[in-house]
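So you can see what is in the structure, the chains are spelled out below.
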Amino acid sequence: MAHRLVRSGVAAVVATGAILAGALPAQAVGPPPGYDFAIIYYSNASYTTVVGEHWAGPCPGPSWGTTSSYIRGFQQACPVE
């Protein structure tokens with residue numbers, strides 16, 4: 001009987017840890033080596049008018065314009081020199 005209680009307690013602790021670990025925020029991840037990441041900002045939910053860009057990575061392009069809540073992002077390989 002004591003072994004069952006211990007196993008149940010251990011199982012409860014493990015399950016609680018797994019649930020809490022799943023609730024933690026994800027860490028930001030940058031682009032892989034040799035790639036840039038671009039964020040394109042749009043004026044509204046139609047995503048037709050670009051109002052700004054931001055590039056990040058080892059070979060970033062120009063960042064310009066303004067930011068907004070309407071964004072799309074993509075990865076792009078750095079140009080080969």
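Before reading on, note that the structure itself is shown above.
The structure presented is a predicted model; accordingly, all values stated were derived computationally and were not measured. (Residues numbered from 1 in each chain as written. Predicted model: local features only at pLDDT ≥ 70, side-chain atom pairs only at ≥ 80, totals over all residues. Heavy atoms only, no water.)

Comments concerning the overall build of the protein chain
Phase 1: Helix and strand counts for the protein chain stand at 1 helix and 4 strands.
Phase 2: Along the protein chain, helices and strands appear, N-terminal first, in the series α-β-β-β-β.
Phase 3: Taking all 81 residues of the protein chain together, 10% fall into the buried category.
Phase 4: Looking at the protein chain alone, contacts between residues at least 24 apart form 46% of all its contacts between residues at least 6 apart. (Helix = DSSP H or I, 4+ residues; strand = E, 2+ residues; numbered from the N terminus. Buried < 20%, exposed > 50% of the residue type's maximum accessible area, 1.4 Å probe, protein only. Contact = heavy atoms within 4.5 Å.)

A word on the sheet that holds strand 3 (residues 64-65)
Phase 1: Strands sit in the order 3-2-1-4 across an open sheet of 4 strands; the sheet is antiparallel. Looking along the sheet, the strands with just one partner apiece sit at the ends: strand 3 and strand 4 (70-77). (Pairing = 2+ DSSP bridges.)

Some thoughts on the packing of aromatic side chains
Phase 1: Summed over all chains, the structure comprises 3 aromatic pairs.
Phase 2: Plain terms: the ring middles of Tyr 42 and Tyr 47 are 5.3 Å apart, the flat faces sit at 65° to each other, and that makes the pair edge-to-face.
Phase 3: Looking at Tyr 42, the relative accessible area reads 12%, which means it is buried.
Phase 4: The exposure class assigned to Tyr 47 is partly exposed, which follows from its relative accessible area of 25%.
Phase 5: Between Trp 55 and Phe 74, the aromatic rings sit 5.7 Å apart at their centres with planes inclined by 90°, giving edge-to-face as the arrangement. Taken as a pair, Trp 55 in strand 2 (residues 50-56) and Phe 74 in strand 4 lie far apart in primary sequence, 19 residues in all.
Phase 6: By way of ring pairs, the aromatic residues Tyr 42, Tyr 47 and Tyr 70 are connected into one cluster.
Phase 7: In this structure, Arg 72 packs its charged tip against the face of Tyr 42, placed 5.9 Å from the ring centre.
Phase 8: One residue, Arg 72, lies across the ring of Tyr 47, its end atom 4.2 Å from the ring centre. (Phe/Tyr/Trp six-rings, centres within 6.5 Å; stacked < 30°, edge-to-face > 60°. Lys NZ or Arg CZ within 6 Å of the ring centre and 35° of its normal.)

Side note on the state of the cysteines
Phase 1: Applying the stated criterion to the full structure yields 1 disulfide.
Phase 2: The disulfide bridge from Cys 59 ends at Cys 78, spanning 1.9 Å between sulfur atoms. Handedness here is read from the sign of the S-S torsion; for Cys 59 and Cys 78, about -105°, the answer is left-handed. Residue Cys 59 is found in the loop between strand 2 and strand 3, and its partner Cys 78 is found in the segment after strand 4; the two are separated by 19 residues along the sequence.
Phase 3: On the accessibility criterion, Cys 59 (25% relative accessible area) is partly exposed. (Disulfide = S-S within 2.5 Å.)

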